[in-house]
Amino acid sequence: MADQYAQNPVGTAPPTLPSLRWDEPPEGPVLVLLDQTRLPAEEVELVCTDVPALVRAIQTLAVRGAPLLGIAGAYGVALAAVRGYDVDEAVTLLESARPTAVNLGHGVRRAAAGYRTAVDKGADAEQAARAALVAARELHREDAEASARMAEHGLVLLDELLPGGGHRILTHCNTGALVSGGEGTAFAVALKAHRAGRLRRLWVDETRPLLQGARLTAFEAARNGMPYTLLTDNAAGSLFAAGEVDAVLIGADRIAADGSVANKVGSYPLAVLAKYHHVPFVVVAPTTTVDLSTPDGASIEVEQRPGQEVTEVTAPHVAGAGAGAGGLPVAPLGTQAYNPAFDVTPPDLVTAIVTEQGALSPVTGAGIAELCARSRQV
Ligand code: MRU
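Residue indices begin from 1 for each chain and proceed along its sequence in written order. A pLDDT threshold of at least 70 governs which residues receive local features in this predicted model, and a stricter bar of 80 or more applies before side-chain atom pairs are shown or counted, although totals over entire chains, interfaces and linings include all residues.

As named in an unreviewed UniProt entry, the protein chain is Methylthioribose-1-phosphate isomerase, taken from Streptomyces lunaelactis. UniProt positions are given in the numbering used here, feature names are shortened, and annotations may be inferred rather than shown by experiment. On record in UniProt, under Catalytic activity (unreviewed entry), the comment for the protein chain is "5-(methylsulfanyl)-alpha-D-ribose 1-phosphate = 5-(methylsulfanyl)-D-ribulose 1-phosphate". We quote the UniProt Sequence similarities (unreviewed entry) comment for the protein chain here in full: "Belongs to the EIF-2B alpha/beta/delta subunits family. MtnA subfamily."

Now the structure itself:
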């Protein structure tokens, strides 16, 4: 039998390309994305020259993950403004590109507010476009700072919850540098634990159907030299039963006012397993992921994705296959599939929520409101 603690063939180089960058070549400004559909086989950049291209990139998950969607949305508004497109139309298209991650709308509105404030003050088109870009860059920088603070708060919390050290952490989906202006959310905590010599193992859920865990988290863990082991999502139960999980760390796409957490589908079953096995279930997300206008979990819109993602294996990420590749059927032709992109974990299953403002435990509506109020004061 294979040893689940065997050393992986790790690299030690962090990803070479940023997940997103603004560029101004002679042909005009562009938003350049690291195409996440091609990882881990190839590090290929995707150049967006207009908002429809960025919307396609968001919908195909070339760019993804809540914080990065917010940053991409903000740069998308700047792109529209700089290139002389209709900013209101850009806002509408970008905000509705995906429905669950609240950061997307937040980022879009922030850059649009920068643009409109400048217009209201009498700025010309070029100055107003620059104001949108400044707002996007600010959000990008703030997200990187929030990421570093979440990692600090998160490791302090882990050390409190697990005084023995040698943490064995289970994570789901992908929450590292690929989704952030910095080193990520949940993954950043695990990375900090690793750098402090306190990560014994990162258990990586493969995260069906689009394999963000296998393709992206394993990629980031390997690049950072972390001890990690990949498992199928449905192996998590037996891993808990074997006493191999000390804590679960996940990110979030939206946190409602009552502390309900929407995250990648498969998070809720992990929370149930964690509760049964008396293992802490910790959510790590910036306060930009909290949506006080969403009162509870039932009010969170969960994105439903094409059934084809379940009935077929699509494989642009297989070496040499390229974009648009795949479509290998794994179910009889015509099979209907249930494919929600996210699920919702109620607050009573969440041990703590770690934000850049600190950790909240127990998770209550009042506590969530206070964290948000603190972040607005900064
Ligand atoms: O569909 P995705 O890949 O965009 O889903 C991403 C997730 O669910 C992440 O866990 C979440 O955005 C938190 S990332 C910090």
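A.B. asks: Even after reading the chapter, I still don't get unusual backbone geometry, so can you show me in this structure?
C.D. replies: Backbone geometry follows two general trends: most residues other than glycine have a negative phi, and most peptide bonds adopt the trans configuration. With an omega dihedral of 5 degrees, the bond running from L39 to P40 counts as a cis peptide bond. Residue P362 is reached from S361 by a cis peptide bond, and omega for that bond is 0 degrees. Topologically, P362 is positioned in the loop between β16 (358-360) and α11 (365-377). Positive phi values are uncommon outside glycine, yet C173 reaches one of about 60 degrees. Secondary structure elements follow DSSP: runs of H or I of four or more residues count as helices, runs of E of two or more count as strands, with numbering from the N terminus. Counting through the fold element by element, C173 comes out in the loop between β4 (167-171) and α6 (186-195). A positive phi angle is found at L211, which is not glycine, with a value near 60 degrees. The residue L211 is located in the loop between β5 (199-205) and α7 (212-223) in this model. Partly exposed residues are those whose C-beta has more than 12 but fewer than 20 other C-beta atoms within 10 Å; with 20 or more the residue is buried, with 12 or fewer it is exposed, and the C-beta atoms are placed from the backbone. Given 21 C-beta atoms within a 10 Å radius, L211 is considered buried.

A.B. asks: Looking at this model, I keep getting lost on the site of the ligand. Mind explaining?
C.D. replies: Nearness here is judged by the C-beta atom: place it from the backbone, and if it falls within 6 Å of a molecule or strand, the residue counts as near that partner. Residues in contact with the ligand amount to 18 residues; listed here are only the nearest, R64, A66, C173, G251 and K264. Put simply, the parts of the chain that give the shell around the ligand at least two residues each are α2 (66-82) and β9 (261-264). Each residue is assigned to one class: nonpolar for Ala, Val, Leu, Ile, Met, Phe, Trp, Tyr, Cys and Pro, charged for Asp, Glu, Lys and Arg, and polar for all the others, Gly among them. For the shell around the ligand, the residue count by class is eight nonpolar, seven polar and three charged.

A.B. asks: What am I meant to see in the confidence of the model for the protein chain here?
C.D. replies: Residues shown with low pLDDT carry predicted positions that ought not to be read at fine detail. Per-residue confidence for the protein chain gives a mean pLDDT of 94, with 93% of residues at or over 70. Interface confidence for the predicted complex, given as ipTM, is 0.98, next to a pTM of 0.94. As a per-residue measure, pLDDT tells how confident the predictor is, with possible values from 0 to 100.

A.B. asks: Where do I start with helix α1 (residues 51-59) in this structure?
C.D. replies: Helical geometry: 3.6 residues make up each α-helical turn, so side chains three or four residues apart lie on a common side. Within α1, the full set of buried residues consists of V51, L54, A57 and I58. Buried positions in α1, seen along its axis, are confined to an arc of 115 degrees and lie on one side of it. Buried residues belonging to α1 abut β2 (30-34), β3 (45-48), α2 and α3 (87-95). Just downstream of α1 lies L61, where phi reads positive at about 70 degrees. Note that the arc is computed from the directions linking the helix axis to the C-beta atoms. Our contact criterion uses C-beta atoms placed from the backbone: two residues qualify when those atoms are within 7 Å.

A.B. asks: Whenever I open this one, the sheet that holds strand β11 (residues 290-291) confuses me. Can you help?
C.D. replies: Each strand in a sheet pairs with its neighbour through backbone hydrogen bonds, running either in the same direction (parallel) or in the opposite one (antiparallel). When DSSP finds at least two bridges between two strands, those strands are taken to pair. The four strands are arranged β11-β8-β9-β14 in an open sheet whose pairing can be described as mixed. The open sheet terminates on both sides in strands that have one partner only, identified here as β11 and β14 (342-345). Relative to β9, strand β8 (residues 254-256) runs antiparallel, the two being bridged by two bridges. Counted as the bridge partner of R254 is A262 from β9.

A.B. asks: Which parts of the structure should I look at to understand the UniProt feature "active site" (unreviewed entry) in the protein chain?
C.D. replies: UniProt tags D253 as "active site" (unreviewed entry). Considering the arrangement of structural elements, one finds D253 in the loop between β7 (247-250) and β8. Not counting the four nearest positions on each side in its chain, D253 is found in contact with A66, T100, A101, A262, N263, T289 and F342.

A.B. asks: I keep staring at the UniProt feature "binding site: substrate" (unreviewed entry) in the protein chain and nothing clicks. Help me out?
C.D. replies: Sequence positions flagged by UniProt for "binding site: substrate" (unreviewed entry) are, in local numbering, R64, G65, A66, R98, Q212, N263 and K264. Its 26 C-beta neighbours within 10 Å are what place R64 among the buried residues. Within the element layout of this structure, K264 appears in strand β9. A tally of 26 C-beta atoms within 10 Å means that K264 is categorised as buried. Ignoring anything within four residues of it in the chain, the contact list for K264 reads H172, C173, T207, Q212 and F342.

A.B. asks: Can you help me understand the sheet that holds strand β1 (residues 20-23) in this one?
C.D. replies: Strand order across the open sheet formed by three strands is β1-β2-β3, with antiparallel pairing between neighbours. At either margin of the open sheet sits one strand with a lone partner, and together these are β1 and β3. Here the strands of the sheet are splayed against their neighbours by 25 degrees on average, with no regard to which way each runs. Across four bridges, the pairing between β2 and β3 is antiparallel. By the bridge assignment for β3, L31 is matched with C48. Angles here are taken between N-to-C directions and fall from 0 to 180 degrees, while the axes themselves are lines fitted to C-alpha atoms, restricted in helices to the stretch in contact. Against the sheet, α2 engages β1, β2 and β3, with an angle of about 15 degrees to β1.

A.B. asks: Sorry if this is basic, but what is going on with the packing of helix α4 (residues 102-120) against helix α5 (residues 125-161) here?
C.D. replies: A pair of packed helices can be characterised by two numbers: the angle between their axes and the separation between those axes. The interhelical angle for the contact between α4 and α5, taken along N-to-C directions, is 145 degrees, at an axis separation of 8 Å. Relative to α5, α4 is oriented so that their crossing is right-handed. Contact with α4, carried on its side by G107, R110, A111, A113, G114, Y115, T117, A118 and V119, involves Q127, A128, A131, A132, V134, A135, A136 and L139 of α5 and no other residues of that element. Of the residues in the contact of α4 with α5, the class split is twelve nonpolar, four polar and one charged. Crossing handedness is defined as follows: a turn of the near helix away from the far one that is anticlockwise and smaller than a right angle gives a left-handed crossing, while the clockwise case is right-handed.

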